[in-house]
Amino acid sequence: NAGVTQTPKFRILKIGQSMTLQCTQDMNHNYMYWYRQDPGMGLKLIYYSVGAGITDKGEVPNGYNVSRSTTEDFPLRLELAAPSQTSVYFCASSKSSGNTIYFGEGSWLTVV
Amino acid sequence: RKEVEQDPGPFNVPEGATVAFNCTYSNSASQSFFWYRQDCRKEPKLLMSVYSSGNEDGRFTAQLNRASQYISLLIRDSKLSDSATYLCVVNLFSGNTPLVFGKGTRLSVIA
C-alpha cells in the first residue's frame, strides 16, 4: 500500500536555488498538508489544501508555494532557498478536517 | 489563544513501569482527538483515536476529560520499544481548518 509518497528523500541545495518537493497520495483524500519539523521541535504547518484547486496558508508559509491541480498531487515549491529552510518536510493527507492524518516518510533538505 | 499543550519531558521510566501523559486543549468545542507516535527521524503515525467514553488498545489507554479540557494517554508495562515522542492532536477550530498538533512528549524506557 503506497499511501503518501514524497520525493526526494534527501536533497542538498545551495543558497538561492529553487526546488520542488513532490507529494502524491493514492487514498483519494481531499485534504493534503505540508509540514516542516526542525530538530527537536514540533511540526509546523506550511500550507494545506482542502481539495483540488484550493490552497491555504498555514503557520509558516513564507518562502514556499504550493499548487493542487489534482486530488492526488500536492507539490511544495521552495524559491530562493535559505539556510533557515534546512529542515525535514512531511507531506500528509486526510479524508477530511477531523479525520486521521497519514504522513509520508519525509524529505530531508539541507541548504548550504 | 487556541492551543494544544503537552509536557515536553523527557519521561525516563524503567521497563515494566506505568506512565501517563496529559495534553490540554484550549477550545471546549473540540470534537476530534488523537494520539500519534513519532520515532526519531521518522514520520508521525497514528497510535489511537480518543473517544468520549475512553478507549483501550492493548497496553495503551486513552481518556478524554471534557470538563477540564484534557486528554490523557496511559501506557502500562512499558517496553523499550515504546521509547518515542507522543503527539497530541486536536481539532481546535471548526470548519475546514486542519487538526492542531502538540509539540510532543518524549518518552525513554530504560532497561
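On to the interface of chain A and chain B, then. If you look at the interface, chain A gives 19 residues, while chain B gives 17 residues. Here chain A meets chain B over a buried area of about 1500 Å², counting both sides, of which 60% is carbon and sulfur. The interface formed by chain A and chain B contains zero salt bridges. Counting the contacts that link chain A with chain B gives five residue pairs in polar contact (both at pLDDT 80 or more). In terms of residue class, the side of chain A that touches chain B is built from eleven nonpolar, seven polar and one charged.

A separate point is the sheet that holds strand β7 (residues 60–65) of chain B. Residue and element names in this part refer to chain B. Read from one edge of the open sheet, five strands run β1-β3-β8-β7-β6, paired in antiparallel fashion. The open sheet has two edge strands with one neighbour each: β1 (4–6) and β6 (55–57). Put simply, the sheet's adjacent strands are angled 20 degrees from each other on average, direction ignored.

We now examine the pairing of strand β9 (residues 87–94) of chain A. Residue and element names in this part refer to chain A. Across the eight residues that make up β9, a large majority, eight, are buried. Judged by which residues are buried, β9 turns out to be covered on both faces: Ser-87, Tyr-89, Cys-91 and Ser-93 on one side and Val-88, Phe-90, Ala-92 and Ser-94 on the other are all buried. Alignment of strand β4 (residues 31–37) against β9, held across seven bridges, turns out to be antiparallel. Residue pairing in the sheet places Tyr-31 in a bridge with Ser-94 of β9. Relative to strand β11 (residues 107–111), β9 is paired through three bridges, and the arrangement is antiparallel. The residue of β11 that forms the bridge with Val-88 is Trp-108. Bridge analysis of β9 against strand β10 (residues 102–103) gives two bridges, and the strand direction is antiparallel.

Moving on, we get to the packing of aromatic side chains. In this structure the tally under the stated criterion is 14 aromatic pairs over all chains. Judged by centre distance (5.7 Å) and plane angle (80 degrees), the ring pair of Phe103(A) and Phe101(B) falls under edge-to-face. Placement of Phe103(A) in strand β10 and of Phe101(B) in strand β10 (residues 100–101) is noted, with the two residues assigned to different chains. On the basis of relative accessibility, which here comes to 11%, the residue Phe101(B) falls in the buried class. One aromatic cluster in this structure is built from Tyr31(A), Tyr33(A), Tyr35(A), Phe90(A), Phe103(A), Phe34(B), Tyr36(B) and Phe101(B). Between the NZ or CZ atom of Arg68(A) and the centre of the ring of Phe74(A), over which it lies, the distance is 6.0 Å.

Reading guide: rules and limits
- Residues numbered from 1 in each chain as written.
- Chains lettered and ligands numbered in written order.
- Predicted model: local features only at pLDDT ≥ 70, side-chain atom pairs only at ≥ 80, totals over all residues.
- Heavy atoms only, no water.
- Contact = heavy atoms within 4.5 Å.
- Buried area = accessible area lost by both parts, 1.4 Å probe.
- Salt bridge = Lys/Arg side-chain N within 4 Å of Asp/Glu carboxyl O.
- Polar contact = N/O pair within 3.5 Å; in protein donor to acceptor, adjacent residues only side chain to side chain.
- Nonpolar A, V, L, I, M, F, W, Y, C, P; charged D, E, K, R; others polar.
- Pairing = 2+ DSSP bridges.
- Helix = DSSP H or I, 4+ residues; strand = E, 2+ residues; numbered from the N terminus.
- Axes fitted to C-alpha atoms, helices over the stretch in contact; angles between N-to-C directions.
- Buried < 20%, exposed > 50% of the residue type's maximum accessible area, 1.4 Å probe, protein only.
- Phe/Tyr/Trp six-rings, centres within 6.5 Å; stacked < 30°, edge-to-face > 60°.
- Lys NZ or Arg CZ within 6 Å of the ring centre and 35° of its normal.

Fair warning: the whole summary comes from geometry, so function is off the table for now.
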